[in-house]
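# Report on the structure
Listed here are the chains, written in short residue letters.
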Amino acid sequence: MREILRIAARNLLRYRRRTALASLLIAVGVVSLLLFLAVGGAFKSTMIESITGSMMGHIQVHHRGYVASLDTLPLNLQLKPPQARKIEGELEKTPGIEAYSKRIKFGGMYSNYLETTNIRVNGVMPERELATCPGIADRLIDGPADGPTLRPGEIWLPKLLADGLKVKPGDEGVIIATNNDGSVNGVSLKVTGILESATGPGGRDAYIHFQDAAELLRMEPPEVSEIAVRVAHFGQVHAVHAALAGALAGEVNQKGKPVFEVHTWEKLHPFANVARSVDLVTRFMLVVLVAVVLVAVVNVMMMAVYERTREIGTMAALGTQPSTILGLFVTEGLLLGALGAAAGLVLGLAAVYTMNLVGVSMAFGQNTDLILRPTVTIGQVAVVAGLVMALAVLGSLQPAYRASRLDPIEALRHV
Amino acid sequence: MSLTSAENITKTYTMGEVQVPAIRGVSFQLQAGSFVSFVGPSGSGKTTLLNMLGCLDHPDSGRLTVLDTEVAGLSRRAAAAFRGRHLGFIFQDFNLVPVLTAYENVEYPLLVVQRRPEAERRQRVMELLEAVGMAEHRDKRPGQLSGGQKQRVAVARALVTHPALVLADEPTANLDSVTSQAIVELMKRMRDTLGTTFVFSTHDTHLVEQIETVYHLVDGRIQDGAEGVSSDA
């Protein structure tokens, strides 16, 4: 094997320019794929963390039918206290859950006593909400001096609404809402925080204390619109979702239909489609890399077999077995792929490292000042390197087979 | 002892729709340690005959036995193994592997084909390189050698496996007369030393003069009434 490697390596060096060009082509493909994996991955993870960490949570549990009516924030599809307790019991038992937060969500009117506008409100228990969506603290651009603390009688308003009504922290206002019985109630609240807008549903919601929401809607005892869940490790979202959905599936109504519905963030936020598009483009980049490697290797190896036909004939005449000739050319292809992959990985990883240090500025929807920190995993690097090598072997198989099947007499006659 | 025997062998090539007979019923026997040449003009069938003796091709009819092995019955793999074990080749254009040094070219059959241990390889290769006067050029690649030097390396490569039979197709065709003379003397000396049988194809009259047994081929047949019998030149 060592001698085959040595001959293969020397043959690659024999046609330096061709080898360099083919390796460069492969390297460009590898660099492109690595950069896309790194930047696309960073974009996805940053956006997903922004969405799940600052407003949605990773998983949400609702009363069945609530999500279908999400736009109207229905108050007749709330989780009753025993139902909420049942869910909380399962959440406490399910492994992998870091935190959860009960929310009362409703629509109403907000007035600063001069102007009035419609508003969507989340009634939350601040400590639990911040544990479930810690990114809310980062969205608080003008908040209380003593940290992200939301007390009864206070409200955090979304920036667009605050700017529109010219409201600032310290101002007083009132929320008016209709409860499930049809009666209209109001509550006076002091603005203590302005929230930066976020992309997607819930990105322009106001936050008040859970107790204020329950009082405003005359809920005694309080009902719950949704329970948002944060898992300890993002990679476990689907496993935790499956476990939770399975545990709650047994709860059925009198018609035998499930009482609860459990969704991951992907089912609730349109960015999941963008994430899928990023994955699709990644696959497309992968196909381009496959084509680039195959074209480069097949081209070089076909040329090599053609130009070295007499040499192959000589080797065959000297008694070299067809399998050894096949091995020699496959090894050449493999080395060519390894050379291109190594060059591409070095250049690509250097570029990714530099971008990670510098940061890549980006705007998406309401998130106008995203800083991406591109990174690739060892697994991704191994997959790219392995793929290139496998493709190099695949690309060299046909020319190598042809070389091994050459008739020695014809090959020796080749000019 | 008969090393090789041919009994009424024929070979016809098909070129498009035309049948071209290359060998038309040739019979001969080659003795071990002989120095034999097939001589004739272009198209007389010399190379075809050598290809069949070298198990690179097989006759359409007749019986060709090399070292007690029926050539026609060998598969592709078996023929390659047979060549690697028993035969040596010297080519008109030297056909050295360009990326290998003189040493590595000679070593190639022992290393890649016969997979001999390193110590044995080193000993045999150096013996042969010294015998052909190329030891001091052992680290040069073919591109750094003259035609005569390349052919010396090729002779060493053909002999390094200690083959019973060496087939040389026009070995001096690309060499000047002085170098040709030296190469022939070298091969004769190797024959005397190792007892290897050398079979040539040539139309070089100077070379023919030094061959011990000559078969004249014309239109695929052995001439001069010498068919099947060695005729000393």
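Residues numbered from 1 in each chain as written. Chains lettered and ligands numbered in written order. Predicted model: local features only at pLDDT ≥ 70, side-chain atom pairs only at ≥ 80, totals over all residues.

### A word on the overall build of chain B
Scanning chain B from terminus to terminus reveals seven helices and 10 strands. Relative to a compact globule of 233 residues, whose C-alpha radius of gyration would be 17 Å, chain B shows 17 Å and is just as compact. Sorting the 233 residues of chain B into buried and exposed places 47% on the buried side. Residue pairs at least 24 apart in sequence account for 70% of intrachain contacts in chain B once pairs closer than 6 positions are excluded. (Helix = DSSP H or I, 4+ residues; strand = E, 2+ residues; numbered from the N terminus. Rg over C-alpha atoms; globule rule 2.2 N^0.38 Å. Buried ≥ 20, exposed ≤ 12 C-beta atoms within 10 Å, placed from the backbone. Contact = placed C-beta atoms within 7 Å.)

### Regarding the sheet that holds strand β3 (residues 35-39) of chain B
Residues and elements named next belong to chain B. Pairing in this open sheet of six strands is mixed, and the strands run β6-β7-β8-β3-β9-β10 from one edge to the other. The strands lining the two open edges of the sheet, one partner per strand, are β6 (87-90) and β10 (221-222). Sheet topology note: the β6/strand β7 (residues 165-169) ladder contains four bridges and is parallel. The residue bridging Phe-89 from the neighbouring strand is Leu-167, located in β7. Across the face of the sheet, helix α1 (residues 46-53) comes into contact with β3, β7, β8 (197-202) and β9 (213-218) while running at roughly 155° to β8. (Pairing = 2+ DSSP bridges. Axes fitted to C-alpha atoms, helices over the stretch in contact; angles between N-to-C directions.)

### Examining the interface of chain A and chain B
Each partner contributes residues to the interface: chain A has 18 residues there, and chain B has 21 residues. Residue assignment for the side of chain A that touches chain B shows that the elements contributing at least two residues are α1 (2-14), α11 (309-317), α12 (322-358) and α14 (408-413) of chain A. In terms of residue class, the side of chain A that touches chain B is built from seven nonpolar, six polar and five charged. (Nonpolar A, V, L, I, M, F, W, Y, C, P; charged D, E, K, R; others polar.)

### Focus on helix α13 (residues 378-404) of chain A
Residue and element names in this part refer to chain A. If you check α13, its first and last C-alpha atoms are 37 Å apart, about what 27 residues at 1.5 Å a residue would give, namely 39 Å. Taking the largest bend as the criterion, α13 deviates by roughly 40°, centred on Leu-397, and proline Pro-399 comes between one and four positions later. Within α13 the residues assigned to the buried category are Val-384, Val-388, Leu-391, Ala-392, Gly-395, Ser-396, Pro-399, Ala-400, Ala-403 and Ser-404. Elements in contact with the buried residues of α13: α2 (16-56), α10 (271-307), α11 and α12. (Expected span 1.5 Å × (residues − 1). Bend = angle between axes of the 7 residues up to and from the residue.)

### Some remarks on the domain arrangement of chain A
Each assigned domain of chain A is listed with its residue range as follows: domain 1 (2-50 + 273-413) and domain 2 (66-77 + 98-231). For domain 1 of chain A versus domain 2 of chain A, the distance between C-alpha centres works out to 53 Å. (Domains from an automatic or database assignment.)

### Focus on the sheet that holds strand β1 (residues 2-15) of chain B
Across a sheet, strands are paired by hydrogen bonds formed along the backbone, either parallel or antiparallel in direction. Residues and elements named next belong to chain B. Across the sheet, which stays open at both edges, the four strands sit in the order β2-β1-β4-β5 with antiparallel pairing between neighbours. At either margin of the open sheet sits one strand with a lone partner, and together these are β2 (18-31) and β5 (69-70). Across 11 bridges, β1 lies against β2 in antiparallel orientation. Paired with Thr-10 across the two strands is Arg-24, which belongs to β2.

### Regarding the packing of helix α3 (residues 102-113) of chain B against helix α4 (residues 118-131) of chain B
All names here are of chain B. Between α3 and α4, the least distance of the axes is 10 Å, while the angle of their chain directions is 130°. With respect to each other, α3 and α4 are oriented oblique. For α3 against α4, the interelement crossing comes out right-handed. Contacts between α3 and α4 involve Ala-102, Tyr-103, Val-106, Glu-107, Leu-110 and Leu-111 from the former and Arg-121, Arg-124, Val-125, Leu-128 and Leu-129 from the latter. When the residues that make up the contact of α3 with α4 are grouped by side-chain class, the tally is eight nonpolar, no polar and three charged. (Parallel < 35°, antiparallel > 145°, perpendicular 65-115°, else oblique. Left-handed = near helix turned anticlockwise from the far one by under 90°.)

### Focus: the environment of A:Glu88
Residue and element names in this part refer to chain A. Position of Glu-88 relative to the elements: it lies in helix α3 (residues 81-93). The partly exposed category is assigned to Glu-88, around which 16 C-beta atoms lie within 10 Å. Considered as a pair, Glu-88 and Asn-185 are 97 residues apart in the sequence and their alpha carbons are 29 Å apart.

### As for α1(A)
Residue and element names in this part refer to chain A. Spanning 13 residues, α1 covers 18 Å between terminal C-alpha atoms, matching the ideal 18 Å at 1.5 Å per step. What α1 keeps buried is the set Ile-7, Ala-8, Asn-11 and Leu-12. Projected onto a plane normal to the axis of α1, the buried residues spread over an arc of 140° and lie on a single side. Seen from the buried face of α1, the exposed residues on the opposite side, beyond 90 degrees, are Arg-2 and Leu-13. Buried residues along α1 sit against α2, α10 and α12. (Arc of directions from axis to C-beta.)

### Side note on the pairing of β1(B)
A regular strand places its side chains on the two faces of the sheet in alternate fashion. Residue and element names in this part refer to chain B. Linking β1 back to β2 in an antiparallel pair, the connection comprises two residues, with Gly-16 at a positive phi of about 65°. The pairing of β1 with strand β4 (residues 61-66) spans five bridges and is classified as antiparallel. In the strand pairing of β4, Thr-4 is matched with Val-66.

### Some points on unusual backbone geometry
Residue and element names in this part refer to chain A. In the segment running from Glu-220 into Pro-221, the intervening peptide bond is cis, with an omega of 0°. Checked against the element boundaries, Pro-221 lands in the loop between α7 (210-216) and β9 (226-231). Positive phi is not limited to glycine here, since Arg-218 has a value of about 55°. By the C-beta count within 10 Å, which is 12 here, Arg-218 ends up exposed.

### So, the packing of α12(A) against α13(A)
All names here are of chain A. For the pair α12 and α13, interaxial distance at closest approach is 7 Å and the crossing angle is 150°. One element, α12, and the other, α13, form an angle in the roughly antiparallel class. Read as a crossing pair, α12 and α13 show a hand that is right-handed. Among the residues forming the contact of α12 with α13, the class breakdown is 22 nonpolar, seven polar and one charged.

### With respect to the nonpolar core
In this structure, A:Val30, B:Val155 and B:Ala156 are the most contacted members of the largest nonpolar core, which totals 120 residues. No other element matches α2(A), which puts 11 residues into this core. Counting 55 residues, the second largest nonpolar core, distinct from the first, contains A:Ile59, A:Val124, A:Leu157 and A:Val231. (Core = buried A, V, L, I, M, F, W, Y, C linked by C-beta atoms within 7 Å.)

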